[in-house]
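Close look at the chain arrangement
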Amino acid sequence: MNPATSTQKLSGWGRFRTGSCHVFRPEKRSEVAAALASGEQSTYIPRGLGRSYGDASLNENGGVIWPIRLNRFLSFDDSTGEIECESGVSLAEILEFFLPRGWFLPVSPGTKFVTVGGAIAADIHGKNHHRDGTFSNFVQSLELLTPAGELLRCTPANNSEIFWATAGGMGLTGVILSARLRLRQVDSTNVFVDYYKAVNLEDALDKMETSDARYDYSVAWIDALSTGKALGRCILMSGNHAPASELPSRARKLPPGTGNGAAVSTRPKWNLLADFPSGTLNQLTVKAFNAVYYAIHSTAPRQLVSFEKFFYPLDAIDNWNRMYGKDGFVQYQIALPQASGREGLRVVLDRLARSGCASFLAVLKRFGEAGPGLLSFPLHGYTLALDIPVRRGLIPFLHELDRMTLDHGGRVYLAKDAVLRPEDFAAMYPKLDSFRSIQRRLDPKRLFSSSLARRLKILD
Ligand SMILES: Cc1cc2nc3c(=O)[nH]c(=O)nc-3n(C[C@H](O)[C@H](O)[C@H](O)COP(=O)(O)OP(=O)(O)OC[C@H]3O[C@@H](n4cnc5c(N)ncnc54)[C@H](O)[C@@H]3O)c2cc1C
């Protein structure tokens, strides 16, 4: 066995799916190609910072290429905000260096501890999807080492079909070695946020429909245990980057491009050192939390909020996933189309509230137009994300929600999934055949696979 390879039990962020994997950590780009050509493992999958929740970055009894040491910035153009970096660079590292210089991420998930490679492979979305689409919209080019060992430069215009199979392709088209992205110019680290307390789902969705166009970012925390007339009551948070000219003097200013901005620390403040006892997050505790959270928020316009609090509230606590106990949890995220989405959300939330499954963190967003990624998740409409502790009966219950999602024309997000069945997956992703034929061309010897790919028969 190569000395840089070790056998490790890995999991996704939900700690529910685990796998014993042969992990290879390359220090140089040339070592990635050497590992793939070595014949040591029969299959490989790349892994980033392991923030996908299920088994996307696991390869049970197979090889995992973990290129997090390939994390150098390669170039930056301060007239356009274009950065080229290796794929193991994390979004936190980009923020740490570039935010004080007046540049922010064009699309940001709810954690900054994801790599550029993982962000492209899941074609992630942020609170600005209704305006800006997914992360890959801002990727100008990427370098892909294919399973056959070929190095390809892909852009939306050149090798375009490989580009759009790789964006959202969950690591199955090869290892992304580097990418060129466009950052967004900002002149403060703060966001002006309008809070709106919605009495129920209809109220929240009406408000989103009429107001989202005015905001860069929009997201709602939703009380997934509320029922009856209060079903889906929410706190809607809609925000725009705060212009420096409108900030009170105590707030930090960042003269764009000057490098004079104050340092930005992206390290967690606290660490959860041990697992909570299983069952700590149950219907009772979550109900109490939800009641307090809903009560302490009120409709309040133009609140000045730091970027950490607005974009990454959970990042303040390292290992917060231990809150769910050693059995872990599943994040269940669905997208529903505009036409049937309201009804679909109502049906799913109603079933959830009656099930006794308490979702501690539930988030609702609107999606803009779907992008060209063949396996990309977003579709024009709505998305709901639920964090549910693992307990007996959870899997059949989630299969029931899968059915409701399908009945309403929706789909489950692969970066979060841990339980979907192959037939439901195939019905949810209509461009699967196109993805398979491109993947087959890139990987004639079937060298790439993952626990997710086998569970869902993505490559069959
Ligand atoms: C708290 C939290 C909040 C989140 N919020 C959001 C959100 O708002 N929106 C959203 O879209 N997602 C969200 N996510 C999910 C997360 O953004 C994605 O799962 C992302 O892919 C994780 O990146 P990673 O670097 O950890 O990759 P991993 O989880 O390690 O891998 C994810 C996928 O990327 C592939 N991959 C990784 N590196 C490479 C590479 N170099 N080349 C090719 N393929 C590669 C892997 O094979 C795997 O299929 C959230 C996750 C957490 C924990």
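This section reports on the structure supplied with the text. Just so it is clear, the model here is predicted, and its values are computed rather than measured.

The rules behind these values
Residues numbered from 1 in each chain as written. Predicted model: local features only at pLDDT ≥ 70, side-chain atom pairs only at ≥ 80, totals over all residues. Heavy atoms only, no water. Phe/Tyr/Trp six-rings, centres within 6.5 Å; stacked < 30°, edge-to-face > 60°. Helix = DSSP H or I, 4+ residues; strand = E, 2+ residues; numbered from the N terminus. Buried < 20%, exposed > 50% of the residue type's maximum accessible area, 1.4 Å probe, protein only. Pairing = 2+ DSSP bridges. Near = heavy atom within 4 Å. Polar contact = N/O pair within 3.5 Å; in protein donor to acceptor, adjacent residues only side chain to side chain. Areas by Shrake-Rupley, 256 points an atom, 1.4 Å probe, with all protein chains shown as cover. Axes fitted to C-alpha atoms, helices over the stretch in contact; angles between N-to-C directions. Parallel < 35°, antiparallel > 145°, perpendicular 65-115°, else oblique. Left-handed = near helix turned anticlockwise from the far one by under 90°. Contact = heavy atoms within 4.5 Å. Nonpolar A, V, L, I, M, F, W, Y, C, P; charged D, E, K, R; others polar. Core = buried A, V, L, I, M, F, W, Y, C linked by side-chain atoms within 4.5 Å.

Inspection of the entire model under this criterion finds 24 aromatic pairs. Considering the side-chain rings of phenylalanine 76 and tryptophan 103, the 5.9 Å spacing of their centres and the 80° angle between planes classify their relative orientation as edge-to-face. Of this pair, phenylalanine 76 sits in strand β5 (residues 73-77) while tryptophan 103 sits in strand β7 (residues 103-104), placing them 27 residues apart in sequence. With a relative accessible area of 32%, phenylalanine 76 lands in the partly exposed category. For tryptophan 103, a relative accessible area of 5% puts it in the buried group. Each ring, one from phenylalanine 425 and one from tyrosine 429, has its centre 5.3 Å from the other, and the planes form 40°; the classification is tilted.

What follows concerns the pairing of strand β8 (residues 139-145). The buried fraction of β8 amounts to six of the seven residues, a majority that puts the element mostly inside the structure. As paired elements, β8 and strand β10 (residues 175-182) share six bridges and run antiparallel to each other. Looking across to β10, one finds that leucine 142 is bridged to alanine 179. Bridge count for β8 against strand β9 (residues 151-154) is four bridges, and the pairing is antiparallel. Bridging across to β9, leucine 144 finds its partner in leucine 152. The antiparallel pairing of β8 with β9 creates a hairpin that spans five residues between the two strands, and glycine 149 there sits at a positive phi of about 90°.

By nearness alone, 34 residues border the ligand, and Pro46, Gly48, Ser52, Thr115 and Tyr413 come closest of all. Taking arginine 51, its main chain carries an N or O atom lying 2.7 Å from an oxygen atom of the ligand. A distance of 2.8 Å separates a nitrogen atom of the ligand from a polar backbone atom of isoleucine 176. In isolation the ligand has 960 Å² of accessible area, and contact with the protein removes 97% of it. Where the shell around the ligand is concerned, the elements lending two or more residues are β3 (44-46), α3 (116-121) and β10. The element that contributes the greatest number of residues to the shell around the ligand is α3, accounting for three residues.

What follows concerns the packing of helix α6 (residues 201-211) against helix α9 (residues 338-355). At a closest axis distance of 11 Å, the pairing of α6 and α9 adopts a crossing angle of 150°. When the interaxial angle is binned, α6 and α9 end up roughly antiparallel. Helix-helix and strand crossings are classified by hand; for α6 and α9 the assignment is right-handed. Where α6 abuts α9, its residues Leu201, Glu202, Leu205, Asp206 and Glu209 lie against Gln338, Arg342, Leu345, Arg346 and Leu349. Considering only residue class, the contact of α6 with α9 consists of four nonpolar, one polar and five charged.

One finds Ile94 and Ile458 to be the most contacted residues of the largest nonpolar core, which totals 119 residues. No other element matches the six residues that helix α10 (residues 394-407) contributes to this core. Residues Leu272, Met323, Ala358 and Leu361 belong to the second largest nonpolar core, which totals 13 residues.

A sheet is described by the order of its strands in space; here five strands give the open sequence β5-β6-β10-β8-β9, paired in antiparallel fashion. This sheet does not close on itself; its edge strands, each paired only once, are β5 and β9. The sheet shows a mean angle of 10° between the axes of neighbouring strands, direction not considered. Docked against the sheet, helix α2 (residues 91-98) engages β5, β6 (82-86) and β10, running at close to 45° with respect to β5.

With that settled, the discussion passes to the environment of glycine 328. Among the secondary structure elements, glycine 328 is positioned in the loop between β17 (317-318) and β18 (329-337). Separated by 61 residues in the primary sequence, glycine 328 and proline 389 place their C-alpha atoms 6.2 Å from one another. Sequence-distant contacts of glycine 328, defined by excluding residues within four places in its chain, comprise Gly14, Arg15, Pro389 and Val390.

Time to look at the sheet that holds strand β16 (residues 300-306). An order of β16-β12-β14-β13-β19-β20-β18-β21 is seen for the eight strands of this open sheet, with the pairing classed as antiparallel. Strands at the two margins of the open sheet, each flanked by one partner only, are β16 and β21 (411-412). Pairing analysis gives two bridges linking strand β13 (residues 217-222) to strand β19 (residues 362-367), with the strands arranged antiparallel. Bridge pairing in β19 links tryptophan 221 to valine 363.

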